[in-house]
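Listed below, chain by chain, are the residues.
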Amino acid sequence: MAETFFITTAIDYTNGAPHIGHAYEKVLADVLARYHRLKGDDVFFLTGVDQHGQKVQQSAEKQGIAPQEFVDGITAKFVALWKKLGVEYDGWAATTDAKHKDCVRAILQRLWDDQGADGQSKWIYKKSEGGYYSVRQEQFLTDKERGADGEFGPEWQPVEFREEENFYFRLLDHKQWLLNLIDARSAAGKPLVIPDFRVGELRNAVEKLEGDLCISRPAARLQWGIPFPESFGAGFVTYVWFDALVNYISFAPGYDPAPTRPPEEFLRWWRTIVHVIGKDIMIPAHGVYWPIMLKSLGFTNDEIPTLLVHGWWNISGAKMSKSLGNVIDPDVLADKYGAEAVRYYLVSDIATGKDADFSEERLIQRYNTDLANSLGNLLNRTLNMVAKYLGGRLVGRPNIEDVSFAPVEGSESRTYEVRPNLEFYLIEYRTAFDTAQVNEALWIIIMKMALAMNLCVEKCAPWKLAKDPSKKRDLDSVLYTLAEYLRIIAILLSPVLPKAAHGIFDQLNWKTELSGKEERFRLADTIWGGLPDGHQLGQPTPLFPRIEAPAS
Ligand code: MSP
């Protein structure tokens, strides 16, 4: 049976249109999902939108429409963008969906009913707490909101002291458990967080944990949320994180909150889960609340998900923000440069886990250098040379052991053997993907494989070989190698650039008809010798037309 792979993303707030940060995360997850499909895994890719909360309620009020109407409008923008960018998910998590709301309420009820010897819930308790409340901003304030003079500034006024009753989820009781879990996972070589430089950050945050989590809001203050079950008493709405995090199970295949252990059908997927999230939501939500919530629901230590934490796209070193007016709209970019150019840039110009600076010039530069010049040119010249010297038909199918290129006279004299390099590239590619380093995988394809083949063209100079009848076998062998390498490159590139990969296969006139459920791209097909002797290639057409930089 195929292995499963379950991948999720953060669900985006629907209080504003999608920006380039949202697009990056979804493209990254899509690329990883496609890589696993390429390996033959059974993949479930879940993404969606986080539709509740105060901000949505306020934005809807400002526009004079109902919150549901407001979130439906924004949600449609996200859905359309993912379609445009080729983000192909298997499950869509929208938190106003009845299925999700039922699951959140069932979970709350279950934890409320799970009682200790004292007849009280082991997980949730009610408490009254007092604090300063900004009537203007409709939120409780902490000392962080005080100005240098120790007072709350005019943006918060009027401020009043309020007592409020709420429900709390116990975190502190599980602090040591979480610390042990983090350490055990690292010791076992399966760190809770990838890249593992963030494990220490999480550990420190858990060490400093001081309080439990307030999981309710009085309905008087927040209406746009999931109401607590009646058994908690009337008038409470679920705090947004206790709602949003649950999407990972409420929309997962086969989850049922009722039994004390999650169902096996669900666990088959869950055991391989990776949560892709941004660095801002690791602490405390995904690294503290979520593991403890899962523990409360009967998940074992082995079933606490791994977090794949990515960095941020910034603008000239600064955070993207509406107030700075520097928010980049991925929809506009895709219309201007094409969806695949945007996909390529977003996963090639950032190291997974690190931050990067977004720049349109870089997008154009990377596309022109890597795709138009290096890969596009290789495809084009290969097809043209095969057409010109072999009438478009490959001759022979050399054993990879026999393929080595003696450079033509006058150029550097180093024999280039194809086999060891190809094997090495394929291992490197898999390693890069298995550690989510998509930029590394692309580097191998473009800067190693395509570059090696472009150098091969320069050094072997097929146009010279073609003039010498005694070099006919070398000519055939060089041209076969170029075409065969392109076939393999297309497969390797397909998770990032599916359309371009199809384009390369089309031009190679390869797998144009598929039988039954056959996949066009399979990692298992990266074995040398796929193209048969006598294979007729297709017509060359520019796959990556150069982008002309706008005149500045
Ligand atoms: N709704 C919560 C997540 C709930 S998950 C159970 C949320 N939404 S968000 O819209 O603010 O952010 C969604 C994701 O986008 C987060 O993972 C966040 O890190 C990511 N990004 C937001 N801005 C970003 C950049 N500038 N760059 C890269 N990713 C960024 O948080």
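A brief structural summary. (Residues numbered from 1 in each chain as written. Predicted model: local features only at pLDDT ≥ 70, side-chain atom pairs only at ≥ 80, totals over all residues. Heavy atoms only, no water.)

Our focus in this paragraph is the overall build of the protein. In terms of regular secondary structure, the protein is built from 18 helices and 17 strands. Across the 552 residues that make up the protein, the buried fraction comes to 54%. Here the analysis covers contacts within the protein between residues at least 6 apart in sequence; of these, 76% occur between residues at least 24 apart. Of the accessible surface of the protein, which amounts to about 24,700 Å², a share of 51% is contributed by carbon and sulfur atoms. Within the protein, one finds 62 positive and 74 negative side-chain charges whose respective centroids are separated by 4 Å. (Helix = DSSP H or I, 4+ residues; strand = E, 2+ residues; numbered from the N terminus. Buried < 20%, exposed > 50% of the residue type's maximum accessible area, 1.4 Å probe, protein only. Contact = heavy atoms within 4.5 Å. Areas by Shrake-Rupley, 256 points an atom, 1.4 Å probe, with all protein chains shown as cover. Lys, Arg positive; Asp, Glu negative; His and termini not counted. Charge placed at Lys NZ, Arg CZ, Asp CG, Glu CD.)

Turning to the site of the ligand, a few remarks are in order. Near the ligand lie 24 residues; those nearest to it are Ile11, Glu25, Asp50, Gly278 and Asp280. Within the backbone of Tyr13, a nitrogen or oxygen atom sits 3.1 Å from an oxygen atom of the ligand. Taking 660 Å² as the accessible area of the ligand by itself, protein coverage stands at 95%. Here the element with the most residues in the shell around the ligand is helix 1 (residues 20-39); it accounts for 3 residues. (Near = heavy atom within 4 Å. Polar contact = N/O pair within 3.5 Å; in protein donor to acceptor, adjacent residues only side chain to side chain.)

Turning to the packing of aromatic side chains, a few remarks are in order. Aromatic ring pairs are reported here in terms of the distance separating the ring centres and the angle at which the planes meet. Under the definition given, this model contains 33 aromatic pairs. Here Trp112 and Phe167 contribute two aromatic rings whose centre-to-centre distance is 5.5 Å and whose plane-to-plane angle is 90°, an arrangement assigned as edge-to-face. Of this pair, Trp112 sits in helix 4 (residues 98-113) while Phe167 is found in strand 7 (residues 159-169), placing the two residues 55 residues apart along the sequence. Judged by relative accessible area, Trp112 falls into the partly exposed class, the value being 22%. A centroid spacing of 5.8 Å and a plane angle of 55° characterise the contact between Tyr248 and Trp290, whose relative ring orientation is tilted. You can see Tyr248 sitting in helix 8 (residues 247-250) and its partner Trp290 sitting in helix 10 (residues 282-296), a full 42 residues away along the chain. For the pair formed by Tyr248 and Trp290, the shared burial category is buried. Put simply, the rings of Phe6, Phe44, Tyr255, Phe266, Trp269, Trp270 and Phe299 pair up and form one aromatic cluster. The residue whose ring lies beneath Lys127 is Tyr168, and the NZ or CZ to ring-centre distance is 4.5 Å. The cationic tip of Arg146 hangs over the ring face of Tyr132; the distance from NZ or CZ to the ring centre is 5.5 Å. (Phe/Tyr/Trp six-rings, centres within 6.5 Å; stacked < 30°, edge-to-face > 60°. Lys NZ or Arg CZ within 6 Å of the ring centre and 35° of its normal.)

Let us look at the nonpolar core. One finds Leu85 and Tyr485 to be the most contacted residues of the largest nonpolar core, which totals 116 residues. For Leu85, the contacting residues outside a window of four places in its chain are Ala23, Val27, Ala334, Ala339, Val342 and Arg343. (Core = buried A, V, L, I, M, F, W, Y, C linked by side-chain atoms within 4.5 Å.)

With respect to the element layout, Arg162 can be found in strand 7. Here Arg162 falls in the partly exposed class, since its relative accessible area comes to 27%. Distance from Arg162 to Tyr132, taken between C-alpha atoms, is 6.2 Å for residues 30 residues apart in sequence. Excluding its chain neighbours within four sequence positions, the residues that come into contact with Arg162 are Glu129, Gly130, Gly131, Tyr133, Val135 and Phe140. Engagement of the side chain of Arg162 in a polar contact is seen with the side chain of Glu160, the distance being 2.9 Å.

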